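Commentary on secondary and tertiary structure
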Amino acid sequence: MGDDPGRLYRLDGVAHIAGVINDEPRRCISSVRRQQGMRLDERYVPYLQMTGLYHLARLNDRWFRLDEPLVSAFVERWRPETHTFHMPFGECTITLQDVAYQLGLPVDGHYVSGCLTDFHLYIEGGRPAWQWFHELLGVLPPENQVQKFAVNCTWFQETFGECPDGADEETVRHFARAYIMMLLGTQLFADKSGNRIHIRWLPYVARLEEMGGYSWGSATLAWLYRCMCRVANRHVVKLAAPLQLLQSWIFWRFPSFRPTGYDEISWPLASRWSGYNPGISNKGPRVQMARLKIDLLQPRDVDRVLPQFGGIQPPSRPALTIDFLMSKDGRGGDRWFPAHLADWHLHWQERAEHILQFDIVPDPGPSHDFLTW
């Protein structure tokens, strides 16, 4: 509380004051998410099903717009140290279960690591990346459509927007690969350029039959966490992430923020908000109103909050972090240095041995040690 008992909390310089929020900053985060403009051809469906991305593709055809003021107010509550939203009633966060239900993505399987640990074999083995691109997609982008190891989205859409009638199976596979690369690059793992597709996805689409064996859900959640950690800095105003996951989670878990008129429930759960359009006016005041509504939330206003599984929140341990490698995220590099990721890969492979064990308690509040921390 500090010296001013009227202040509920202060996170990274962004203050929230119950009842007197009008003098506070009006930061409204700008979402960076390019609508994937390639039609879902029925001939792609078998490939999308085998890759575990079919539900995501269906969502893309029935998208909803992001409520930027609402997301801004929630992101202000995000703490990078714990990867949780700090709310008046306690902490809560997005879990792997949420990813599976909201987007229909697989959460178990092999780790998704950068541009795949095998990518260096294709390059160092004397097979240039762009030759690999040509073999897998059947065409090469012109030089003016390439920025180092990324291709402009516009070229992807113009080149692979419509699969020709009567195309043979190999051509359909080319177009399906391009469609999947666009899904990954714009819907799940977009960067803030908002208009480029990195070729790090080539080794995945090279083996379409094996893509369904990867944990796309955990990779998506990790990317969302990382993007929110970056935008937690009050001076950052652009957010690129799987924002449809974040907003759908808010609507499902916090009913008071849910738009009216969207009562039909379908699978995956995020499809419920198909066609939602919050408008773009009065963003500053809407951020303030969302802050105030969060400040006034009570446990009864939320569907399942943290401690979400009924346990006591212990002191935080240092989180695994590969930010120093993420900064080398391929905007010109040809791989993500897989040798340096061996420890994290081993940790993932042994995930079944690290299941959290805890006692269920009637009052799952934070521990004294956690509050001291």
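Our subject in this report is the structure included herewith.

1. Side note on the packing of helix H2 (residues 54-61) against helix H8 (residues 169-188)
Contact pair H2 / H8: the axes reach a minimum separation of 11 Å and the direction vectors enclose 70°. Here H2 is positioned roughly perpendicular relative to H8, judged by the angle of their axes. Counted together, Leu56, Ala57 and Asn60 of H2 and Tyr179, Leu183, Gln187 and Leu188 of H8 form the full contact between these two elements. Of the residues in the contact of H2 with H8, the class split is five nonpolar, two polar and no charged.

2. Observations regarding the sheet that holds strand E6 (residues 90-92)
Strands belonging to one sheet form pairs held by backbone hydrogen bonds; the direction of such a pair is parallel or antiparallel. As summarised here, the arrangement of the three strands in space is E4-E5-E6, forming an open sheet in which the pairing is antiparallel. With one partner strand each, in any of the chains shown, strand E4 (78-79) and E6 form the two edges of the open sheet. One ladder, built from two bridges, connects E4 with strand E5 (residues 84-87); its direction is antiparallel. Bridging from a neighbouring strand, arginine 79 pairs with threonine 84 of E5.

3. Considerations on the pairing of E5
Connecting the antiparallel pair E4 and E5 is a turn made up of four residues, with histidine 83 showing a positive phi of about 55°. Sheet topology places E5 next to E6; three bridges connect them, and they run antiparallel. Pairing of methionine 87 across the sheet is with glycine 90, part of E6. What sits between the antiparallel neighbours E5 and E6 is a turn of two residues.

4. Describing unusual backbone geometry
The residue after tryptophan 267, namely proline 268, is reached through a cis peptide bond having omega -5°. Checked against the element boundaries, proline 268 lands in the loop between helix H11 (243-253) and helix H12 (283-295). Residue histidine 83 is not a glycine yet carries a positive backbone phi of 55°. Relative to the assigned elements, histidine 83 resides in the loop between E4 and E5. One non-glycine residue, asparagine 282, lies in the positive phi region at around 55°. Looking at the secondary structure, you find asparagine 282 in the loop between H11 and H12.

5. Some points on the sheet that holds strand E9 (residues 196-198)
Pairing is antiparallel in the open sheet, where three strands are placed in the order E7-E8-E9. Strand pairing shows two members of the sheet lacking a second neighbour, strand E7 (146-147) and E9, which therefore form its edges. Here E7 pairs with strand E8 (residues 150-152) via two bridges, running antiparallel. Counted as the bridge partner of glutamine 147 is alanine 150 from E8.

6. What about the packing of aromatic side chains?
Across all of its chains, the model carries 29 aromatic pairs by this definition. With a centroid separation of 6.2 Å and 70° between ring planes, the pair formed by tyrosine 101 and tryptophan 267 is classed as edge-to-face. Here tryptophan 267 lies in the loop between H11 and H12 and tyrosine 101 lies in helix H4 (residues 96-103), a separation of 166 residues in the sequence. Centroid distance phenylalanine 156 to phenylalanine 160: 5.8 Å. Interplanar angle 45°. Geometry classified as tilted.

7. Here's the deal with the environment of tyrosine 44
Within the secondary structure, tyrosine 44 sits in the loop between strand E3 (30-31) and helix H1 (45-51). Put simply, tyrosine 44 and alanine 176 are 132 residues apart on the chain and 5.3 Å apart in space, counted from C-alpha to C-alpha. The contact partners of tyrosine 44, leaving out residues within four places of it in the chain, are Arg39, Phe160, Cys163, Val172, Phe175, Ala176 and Tyr179.

Here is what the cut-offs are and how they apply
- Residues numbered from 1 in each chain as written.
- Predicted model: local features only at pLDDT ≥ 70, side-chain atom pairs only at ≥ 80, totals over all residues.
- Heavy atoms only, no water.
- Axes fitted to C-alpha atoms, helices over the stretch in contact; angles between N-to-C directions.
- Helix = DSSP H or I, 4+ residues; strand = E, 2+ residues; numbered from the N terminus.
- Parallel < 35°, antiparallel > 145°, perpendicular 65-115°, else oblique.
- Contact = heavy atoms within 4.5 Å.
- Nonpolar A, V, L, I, M, F, W, Y, C, P; charged D, E, K, R; others polar.
- Pairing = 2+ DSSP bridges.
- Phe/Tyr/Trp six-rings, centres within 6.5 Å; stacked < 30°, edge-to-face > 60°.

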